[in-house]
Amino acid sequence: MRGLYVHLPFCRAKCGYCDFASAPGAPAEIDAFLEALAGEASAYGALKGKFDTLYIGGGTPSLLSARQLVKLFSVLSDVAGPLSRLAESTFEANPESLDVEKAALLKKAGMSRISLGLQASQDALLKRLGRIAMSGDFLKAFSLLREAGFDNISADLMCGLPGQTLKDFTGSIEWLLKLKPEHVSFYALEVHDGTPFSADGLKEEPEAAAAMYETGAAALALAGFRRYEISNFARPGHESRHNLNYWDQGEYLGLGPSAASYLGGERRANTAGAAAYVRAALAGEEIPAQYRETLSGRKKSAEKIMLGLRKTAGIELPDDIFIEFEQELSRLAEAGLLERSGRHIKIREDRFYVSNAVFREFV
Ligand code: SF4
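Residues numbered from 1 in each chain as written. Predicted model: local features only at pLDDT ≥ 70, side-chain atom pairs only at ≥ 80, totals over all residues.

### Comments concerning the overall build of the protein chain
- Across its full length, the protein chain carries 14 helices and 15 strands.
- Computed over the C-alpha atoms, the radius of gyration of the protein chain is 20 Å, within 12% of the 21 Å expected from 2.2 N^0.38 for a compact globule of 363 residues.
- Counting every position in the protein chain, which comprises 363 residues, the buried fraction comes to 40%. (Helix = DSSP H or I, 4+ residues; strand = E, 2+ residues; numbered from the N terminus. Rg over C-alpha atoms; globule rule 2.2 N^0.38 Å. Buried ≥ 20, exposed ≤ 12 C-beta atoms within 10 Å, placed from the backbone.)

This is the structure we're talking about:
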């Protein structure tokens, strides 16, 4: 499996908690960015047609106009081949920037999966987060995606928010389930330096978030969803293949500012600076890297374990890795965090909320 990720670094306004590489962009800036993206993509001609999945993320990809979306899909077809032939192609959207024309265009371009931002169903919480779309906007966007023929829609919800109660979180899940999405992701609030939330002195609430996670996971299980990764739940057959490839330590190419790649054993991420990215890409120069390293030996094996353990199915370890990490694995099994069966290991489902304690053993 090989995935293609594209990062669109534009949003209408910045949410209070966000530290992703994204900023408001004028139409001319987005046009220049798309030219730069074409420039970066042209360096990967040898991989043309050798991708299985595509994920267009951001930022807010749905912020692009219909004309800009046509250009984006043309650039991506030049790298990935016909997009409708991919095993899965996900497009991230926010409700405020979707309309009937764009939904039809996404379908026509071959997108098979939409990830639609929700976060919470209570408008007071959405306002506190600095979100533009309220719950009514999500309802409208969800139904126009269904009308456009999308039968694979994911929504994300946040927990551990300031002022959010357990009842708010389960209420958001019940509200969302009425729409019958195929996939749901949970994210616990992280407060990053430099964000308005950090400036306001807001703190993370890991215990409240963990309680919401576990209660929410049980509610989704009752509704027929299966947790297949720490934060991801799907109806059978709707697991994200693109993201599963990350957790299987498969290869991927990331295009755009801050996008990460893992190709030929090398892991790297592009600079997060949109201006530096556009300048280098338009000049035909190599995109500056935030980091680059070749993974090998114990580090590569440890990463394989950590990624594999994110999946509820766990991971079957090759003999050499199993022997190399036997001590750590035994310690975790004795502590009741890990289940082992031969060389197959997985985190106990009732211990997912302390998965960071498991991962620390391998860092
Ligand atoms: S929509 Fe997403 S990427 Fe954009 S500012 Fe909000 S959290 Fe960040």
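### A look at the domain arrangement of the protein chain
- Per the domain assignment, the segments making up the protein chain are domain 1 (2–246) and domain 2 (297–360).
- Between the C-alpha centres of domain 1 and domain 2 the distance comes to 29 Å.
- Each side of the interface is counted separately: domain 1 has eight residues, and domain 2 has seven residues.
- When contributions to the side of domain 1 that touches domain 2 are tallied by element, the ones reaching two or more residues are helix 8 (206–222) and strand 7 (226–229).
- Partitioning the side of domain 1 that touches domain 2 into residue classes produces five nonpolar, no polar and three charged. (Domains from an automatic or database assignment. Contact = placed C-beta atoms within 7 Å. Nonpolar A, V, L, I, M, F, W, Y, C, P; charged D, E, K, R; others polar.)

### Thoughts on unusual backbone geometry
- The peptide bond linking Gly-58 to Gly-59 adopts the cis configuration, its omega dihedral lying at 25°.
- Counting through the fold element by element, Gly-59 comes out in the loop between strand 2 (53–58) and helix 2 (66–80).
- We note that Gln-119 has phi near 80°; this positive angle belongs to a residue other than glycine.
- Summarising the element assignment, Gln-119 is placed in strand 4 (residues 113–119).
- Accessibility expressed as a C-beta count within 10 Å gives 23 for Gln-119, which makes it buried.
- Of note, the phi angle at Gln-249 is positive, near 55°, even though the residue is not glycine.
- Within the secondary structure, Gln-249 sits in the loop between helix 9 (241–247) and strand 9 (251–255).

### Considering the packing of helix 1 (residues 27–41) against helix 10 (residues 274–282)
- Relative to each other, helix 1 and helix 10 sit at 55°, their axes nearing to 8 Å. Here helix 1 is positioned oblique relative to helix 10, judged by the angle of their axes. The handedness of the crossing between helix 1 and helix 10 comes out as left-handed. Contacts from Ala-32, Phe-33, Glu-35, Ala-36, Gly-39 and Glu-40 of helix 1 reach helix 10 at Tyr-277, Val-278, Ala-281 and Leu-282.
- Among the residues making up the contact of helix 1 with helix 10, the classes are represented as seven nonpolar, one polar and two charged. (Axes fitted to C-alpha atoms, helices over the stretch in contact; angles between N-to-C directions. Parallel < 35°, antiparallel > 145°, perpendicular 65-115°, else oblique. Left-handed = near helix turned anticlockwise from the far one by under 90°.)

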